[in-house]
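Coordinates in review
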Amino acid sequence: MKTIQIQASQNGQPIVKSCSQLIMGSTNFLRADDMDYIHEMFGAYLAAGGNTFDTAHQYDDCEQKIGRWLEETGKREQVNIMTKGAHPDDGEPGNRVNAKAINKDVLESLERLRTSYIDLYALHRDDPSIEVGPIMEALNAHVEAGRIHAIGASNWSHERIQEANDYAKTHGLIGFTFSSPNLSLAKCRIPRWPGSISAGQEMIEWHQSNNLPLLSWSSQAGGFFSGRYTPDNLEDEEMVDVYYTADNWERYRRATELANSKGASAIQIALAYVLHQTYPTAALIGPERLPELQSSLQGMSIPLTENEIKWLDLVTDRI
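This write-up is about the structure you can find in this document. (Residues numbered from 1 in each chain as written. Predicted model: local features only at pLDDT ≥ 70, side-chain atom pairs only at ≥ 80, totals over all residues. Heavy atoms only, no water.)

What about the overall build of the protein chain?
Of regular secondary structure, the protein chain possesses twelve helices and ten strands. Taken over C-alpha atoms, the radius of gyration comes to 19 Å for the protein chain, in line with the 20 Å a tight globule of 319 residues would show. In terms of overall dimensions, the protein chain has a C-alpha envelope of 50 × 45 × 35 Å along the principal axes. Going through the 319 residues of the protein chain one by one, you find that 53% of them count as buried. (Helix = DSSP H or I, 4+ residues; strand = E, 2+ residues; numbered from the N terminus. Rg over C-alpha atoms; globule rule 2.2 N^0.38 Å. Buried < 20%, exposed > 50% of the residue type's maximum accessible area, 1.4 Å probe, protein only.)

Observations concerning the side chain of asparagine 248
Its place among the elements puts asparagine 248 in helix 9 (residues 246–262). Excluding its chain neighbours within four sequence positions, the residues that come into contact with asparagine 248 are Leu185, Ala186, Lys187, Phe224 and Tyr243. (Contact = heavy atoms within 4.5 Å.)

Observations regarding the nonpolar core
One finds Phe42, Phe224, Phe225 and Leu304 to be the most contacted residues of the largest nonpolar core, which totals 58 residues. A per-element tally of this core places helix 10 (residues 266–275) first, with nine residues. Once residues within four sequence positions are removed from consideration, phenylalanine 42 is found in contact with Met24, Phe29, Leu30, Phe53, Ile66 and Trp69. Judged by nonpolar contacts, the second largest core, of 25 residues, contains Ala153, Ala164, Ala168 and Phe176. (Core = buried A, V, L, I, M, F, W, Y, C linked by side-chain atoms within 4.5 Å.)

Digging into the pattern of salt bridges
Under the defined criterion, the tally for this structure stands at 21 salt bridges. Note that lysine 17 is salt-bridged to aspartate 119, the shortest N-O span being 2.7 Å. Placement of lysine 17 in strand 2 (residues 13–20) and of aspartate 119 in strand 6 (residues 118–123) is noted, with a sequence separation of 102 residues between them. Grouping residues by exposure puts lysine 17 and aspartate 119 together as buried. (Salt bridge = Lys/Arg side-chain N within 4 Å of Asp/Glu carboxyl O.)

Observations concerning the layout of surface pockets
Here the largest pocket defines a volume of roughly 1200 Å³. For the lining of the largest pocket, the elements supplying multiple residues, two or more each, are helix 1 (28–31), strand 10 (281–285) and helix 11 (290–300). Top element by residues in the lining of the largest pocket is helix 11. It accounts for four residues. Of the volumes computed, that of the second largest pocket is approximately 330 Å³. When residues of the lining of the second largest pocket are traced back to their parent elements, those giving at least two are helix 7 (201–210) and helix 12 (306–312). (1 Å grid on protein atoms, 1.4 Å probe; cavity = no way out; pocket = protein on both sides within 12 Å on 5 of 7 lines; lining within 4 Å. Points joined across faces, edges and corners; volume = space filled by probe spheres on them.)

Structural notes on helix 9
Between the first and last C-alpha of helix 9 there are 24 Å, a value that for 17 residues agrees with the 24 Å anticipated at 1.5 Å per step. For helix 9, the full list of buried residues reads Asn248, Trp249, Arg251, Tyr252, Arg254, Ala255, Leu258 and Ala259. Against the buried residues of helix 9 lie helix 8 (237–243), helix 10 and helix 12. Immediately beyond the C-terminal end of helix 9, within one or two residues, lies glycine 263, with a positive phi of roughly 65°. (Expected span 1.5 Å × (residues − 1).)

With respect to the packing of aromatic side chains
A complete count under the given rule lists 15 aromatic pairs for this structure. Each ring, one from phenylalanine 224 and one from tyrosine 243, has its centre 5.9 Å from the other, and the planes form 40°; the classification is tilted. Highlighted residues: phenylalanine 224 in the loop between strand 9 (214–216) and helix 8 and tyrosine 243 in helix 8, separated in sequence by 19 residues. Like phenylalanine 224, the residue tyrosine 243 is buried in the burial classification. One aromatic cluster is present, built from ring pairs that chain together Phe29, Tyr37, Phe42, Tyr45, Phe53 and Trp69. For arginine 76, the ring lying beneath its charged end belongs to tyrosine 117, and the centroid distance is 4.0 Å. In this arrangement the basic side chain of arginine 160 is found over the ring face of tryptophan 156, its NZ or CZ atom lying 5.0 Å from the centre. (Phe/Tyr/Trp six-rings, centres within 6.5 Å; stacked < 30°, edge-to-face > 60°. Lys NZ or Arg CZ within 6 Å of the ring centre and 35° of its normal.)

Structure follows, in structure tokens:
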């Protein structure tokens, strides 16, 4: 499996985390008390070359299940754990993008994951009213203590990430070395969840110019390209509100046409789109069954040309 490189720090020395382009997300099977199935799914993912797992302090007991799996398999040193904290709906009310909440979430995540360090730690949401300085100081304290190896932002605008990294550079601190917004072939008409960020053209251009890795959540647009949805099927209100636009249905049509020519499916083309950007990208996937994992593995191996990407993105009318 192809990998991307994320800058990190360990024991005061710069290191590089090699992360698989497919990142195993926290899905419903993790919430069930079925460790045998967790072993089966995670084992298949590792056998395919995957090495990075995404979770969050907010995701119920998913961190605990991953921690149990790590302990039972002894594979902690072979994988990367990405977890997130400081979500506004995860604990005490009010602003949580502050040192107190960050400290609480980091320490609790470490305990749940049964590990002494987190490879990739991201702030789950942003609060633009809070100055970036104290946030970066709090995160760097955990890096210096060895609890975190790399820090990033989930659902931060690129302007705020740049502001945070400028502060870090000026003050001799480690900045964000990855970002995790939504990036998908289907564009969100409105935020899928309050405070969530999707990469628009300006953010994409910023990632290109900075070569900053982007780890996309909902990389397959919540199943928009799965065939379960049609313009006249209005049963799923969230999907209708977020993804039902004329442009997205045209992207769906083009993905289907291209898939037919490549012997693939539209949802596999949508995944390949995310993984064929001109800057480092990875896709958070949420397979709940082995066939879904296999579909993603096949999708990541589909080659796409630059012109095919532009055609899928409605930039050009011809492949």
